[in-house]
Amino acid sequence: MTFLPDTGYTPTPEDRAGLDAWFAEYDAASARREIARMADMAVFPLNLVSDDSAGNGRSAQWDREQFVATMTHVMGEGGEDITFESTRTPVFLSPSMAVVFTDSVMTAGGTTRQLRYADVLVRRDGVWAFQTMIQSGWGDNL
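Since the structure is predicted, the reported quantities are computational estimates derived from the model, not experimental observations.

Caption draft 1: How the structure looks around the layout of surface pockets. Considered as a void within the structure, the largest pocket measures approximately 730 Å³ in volume. Surrounding the largest pocket, 33 residues form its lining, Met-71, Val-74, Met-133, Gln-135 and Trp-138 being those nearest its centre. Mapped onto the lining of the largest pocket, the elements with two or more residues apiece are helix 1 (13–31), strand 1 (42–51), helix 3 (64–75), strand 3 (82–94), strand 4 (97–108), strand 5 (111–124) and strand 6 (127–135). Among the residues forming the lining of the largest pocket, the class breakdown is 22 nonpolar, five polar and six charged.

Here you go:
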């Protein structure tokens, strides 16, 4: 069982449902490789945090153009289907800020990968958007 930290804010069922709906839409866009749609769901500059092959922490800020170019390179422009099976653990800091920890299984072209990452999301005008992506192993590409 995962015990979430006491942030001083208890999310409503609507908070959780809205966040879950956002991730369902983002995962669907990812599976279809709709990189521009994925970018529409972000706040730029986007913060990225990772570590590199030497074991050093790295960070970067990407604009929309760099996000689209990098994600197009990483995900490819078509071909095999991509599926995601994800378990998400959101930690709401307020009604408009959440840190979401994700354990995911991604399958593409018959190859399956386990992923663990975190995202920082903000809600503006009632709409969630990711602002920070945190995942190990990508630092050499930042």
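Picking up after the structure, the text goes on.
Caption draft 2: Region of the structure containing the sheet that holds strand 1. Pairing is mixed in the open sheet, where six strands are placed in the order 2-1-6-5-4-3. With one partner strand each, in any of the chains shown, strand 2 (57–62) and strand 3 form the two edges of the open sheet. Pairwise comparison of adjacent strand axes, ignoring direction, gives a mean angle of 25° for this sheet. Sheet analysis places strand 1 next to strand 6, joined by four bridges and oriented parallel. When the sheet's bridge partners are listed, Ala-42 is paired in strand 6 with Phe-130. Running over the sheet, helix 1 touches strand 3, strand 4, strand 5 and strand 6 and is turned about 150° from strand 3.

What counts, and where the lines are drawn
- Residues numbered from 1 in each chain as written.
- Predicted model: local features only at pLDDT ≥ 70, side-chain atom pairs only at ≥ 80, totals over all residues.
- Heavy atoms only, no water.
- 1 Å grid on protein atoms, 1.4 Å probe; cavity = no way out; pocket = protein on both sides within 12 Å on 5 of 7 lines; lining within 4 Å.
- Points joined across faces, edges and corners; volume = space filled by probe spheres on them.
- Helix = DSSP H or I, 4+ residues; strand = E, 2+ residues; numbered from the N terminus.
- Nonpolar A, V, L, I, M, F, W, Y, C, P; charged D, E, K, R; others polar.
- Pairing = 2+ DSSP bridges.
- Axes fitted to C-alpha atoms, helices over the stretch in contact; angles between N-to-C directions.
- Contact = heavy atoms within 4.5 Å.

Geometric descriptors of this kind do not, in isolation, establish any biological role.
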